[in-house]
Amino acid sequence: MSKTWADRLRAATAARGRLCVGIDPHPSLLDAWGLPRSADGLETFAELCVEAFVGEVAVVKPQVAFFEAYGSAGYAVLERTVSVLRDAGTLVVADAKRGDIGSTMSAYAQTWLGEDSPLSSDAVTVSPYLGFDSLRETFDLAARNGRGVFVLARTSNAEGADLQTATASHRSVAQSIVDGAADIDRDGRATAGLVVGATRDHGLDLSDFTGPILAPGLGAQGAGVDDLAQIFAGSRELLLPNSSRGVLAAGPSVTALRDAATTLRDEVEAGLA
Ligand SMILES: O=C(O)c1cc(=O)[nH]c(=O)n1[C@@H]1O[C@H](COP(=O)(O)O)[C@@H](O)[C@H]1O
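Residue positions are given per chain, counted from 1 along the sequence in the order it is written. With pLDDT at 70 or above as the cut-off, local features in this predicted model cover only qualifying residues; side-chain atom pairs require 80 or more to be listed or tallied, and sums for whole chains, interfaces and linings still use all residues. Side-chain descriptors were evaluated using all non-hydrogen atoms of the structure, hydrogens and water having been removed beforehand.

Focus: the nonpolar core
Stated formally: Side-chain atoms within 4.5 Å link the members of a nonpolar core, which is a set of buried Ala, Val, Leu, Ile, Met, Phe, Trp, Tyr and Cys residues. The buried label goes to any residue with under 20% of its type's maximum accessible area, the exposed label to any with over 50%, and the partly exposed label to all in between, with areas taken from a 1.4 Å probe on protein chains only. The secondary structure listing takes helices from DSSP runs of H or I that are at least 4 residues long and strands from runs of E that are at least 2 residues long, numbered from the N terminus.
One finds Trp 33, Phe 45, Phe 53, Trp 112, Leu 194 and Phe 232 to be the most contacted residues of the largest nonpolar core, which totals 72 residues. Counting residues per element, this core draws most heavily on helix α3 (residues 39-53), which supplies eight residues. Ranked by size, the runner-up nonpolar core spans 17 residues in total, among them Ala 6, Val 59, Leu 214 and Leu 240.

Here it is as structure tokens:
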């Protein structure tokens, strides 16, 4: 039987910290790195990131949007990036934010979490907007394959508030996602993770939730390392604070990228100690 996602995440973060670095090849970053806005530029960008981050951080999150912007050539770069990272022992969260009716979600699940898919990753981000239960088969496949699923609960952007804090069945929409994920994780496998932005107090009751939390917003979106311990008090063990542009701004030098990632990684660990 394959190891659970909880086992793999605990081992990786114990060795290389909890920071999750994003590979977000924004067109403006390609410009800043002196690379063309093309699939070739994308490939060089991703290769420099891989060289800088492998062995230094536990988790890397490629933002699929910036790869698919280049069509099939972009997807080919993403496939290579994911497999090189995973072969090197770095956990990959594919930031694909998929969400659909259950039968279609199964196809997305096979794409991102299936053993034989060219895009097979360790975890994927999903949107629960079609109902938490539409993700059921995605959780099942993830559990079978020792992978994880990060469900958007309370996102880092201000625009999410109206929808996510709206009340439905006597609790906020975001809290209903937390409660649904907590139910799935009672088996200890940590299959269902949450996305909770680090940019503000989330207002959620996380006391019943034991799975991993992806917390984007460090750096470019204004969240600071010093606030993590307070915002996520009680949920620190599998907390994965994320920064993309905040680290990538140090490129294209591999040494500078690595220094930016390891410095932030160490700050995160100190802040969460
Ligand atoms: O799922 C995500 O990763 C995500 C959720 C969220 O609430 N906010 C958020 O910023 N993200 C992603 O996290 C990354 C943040 O990038 P930076 O703002 O450059 O650090 C982007 O790829 C976003 O798409």
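Still to come is the rest of the account.
Let's talk about the UniProt feature "active site" (unreviewed entry) in the protein
Going by this rule: UniProt positions are given in the numbering used here, feature names are shortened, and annotations may be inferred rather than shown by experiment. Two residues qualify as a contact provided that any one of their heavy atoms is within 4.5 Å of a heavy atom in the partner residue.
Listed under "active site" (unreviewed entry) in the UniProt record, and renumbered for this structure, are Lys 97. Within the secondary structure, Lys 97 is located in strand β3 (residues 91-98). The partly exposed category is assigned to Lys 97, whose relative accessible area is 38%. Beyond its immediate sequence surroundings of up to four residues, Lys 97 is in contact with Gln 63, Thr 125, Val 126, Ser 127 and Leu 152.

Quick notes on the site of the ligand
Just so we agree on the cut-off: Summary of the distance rule: residues count as near a molecule or strand when at least one heavy atom falls within 4 Å of that molecule or strand. Identification of polar contacts relies on pairs of N or O atoms within 3.5 Å, with a donor-acceptor requirement for protein atoms, meaning one able to donate a hydrogen and the other able to accept it, and with residues adjacent in sequence counted only if both atoms are side-chain atoms. Per-residue accessibility takes into account occlusion by the displayed protein chains alone, with areas from the Shrake-Rupley method and a 1.4 Å probe. We call Asp, Glu, Lys and Arg charged. Ala, Val, Leu, Ile, Met, Phe, Trp, Tyr, Cys and Pro are nonpolar, and the rest, Gly among them, are polar.
Around the ligand, 19 residues are found, and the nearest of them are Asp 24, Lys 61, Ser 156, Gln 221 and Arg 245. Here an oxygen atom of the ligand sits 2.9 Å away from a polar atom, N or O, in the side chain of Gln 63. A distance of 2.8 Å separates an oxygen atom of the ligand from a polar side-chain atom of Gln 221. Protein contact buries 90% of the 510 Å² of open area that the ligand shows by itself. Listed by contribution, the elements that provide at least two residues to the shell around the ligand are β3, β9 (213-216) and β10 (239-243). The class makeup of the residues in the shell around the ligand is six nonpolar, eight polar and five charged.

Some words on the pattern of salt bridges
So the rule is basically this: The term salt bridge refers to a pairing of a side-chain nitrogen on Lys or Arg with a carboxyl oxygen on Asp or Glu at a separation within 4 Å.
This model, assessed by the stated rule, comprises 18 salt bridges. Here Asp 187 ties to Arg 189 by a salt bridge, and the two come within 2.9 Å at their closest N and O atoms. Accessibility expressed as a relative area gives 42% for Asp 187, which makes it partly exposed.

Describing the side chain of Ser 244
The topology assignment puts Ser 244 in the loop between β10 and α11 (245-248). Only 3.2 Å separates the side chain of Ser 244 from the side chain of Asp 24, close enough to count as a polar contact.

Here's the deal with the packing of aromatic side chains
Which entries qualify depends on this criterion: The pairing test for Phe, Tyr and Trp rings, Trp by its six-membered ring, is centres within 6.5 Å, and the orientation test on the planes gives stacked under 30 degrees, edge-to-face over 60, and tilted for anything in between.
Per the stated rule, a full pass over the model turns up three aromatic pairs. Judged by centre distance (3.9 Å) and plane angle (20°), the ring pair of Trp 33 and Phe 45 falls under stacked. Taken together, the residues Trp 33 in the loop between α2 (27-32) and α3 and Phe 45 in helix α3 connect sequence positions 12 residues apart. Judged by its relative accessible area of 6%, Trp 33 is buried.

Regarding unusual backbone geometry
What is expected of a backbone is that most residues other than glycine have negative phi and most peptide bonds are trans. The amide bond that connects Gly 251 to the next residue, Pro 252, takes the cis arrangement and shows omega of 10°. Tracing the sequence through the fold places Pro 252 in the loop between α11 and α12 (254-272). With a phi angle near 45°, Lys 97 is a residue other than glycine that sits in the positive phi range. Backbone geometry places His 170, a non-glycine residue, at a positive phi of 65°.

Observations concerning the environment of Thr 165
Along the chain, Thr 165 turns up in the loop between α8 (161-164) and β6 (167-168). Residue contacts for Thr 165: discarding those within four places in its chain leaves Arg 154 and Ser 172. There is a polar contact of 2.6 Å between the side chain of Thr 165 and the backbone oxygen of Ala 161.

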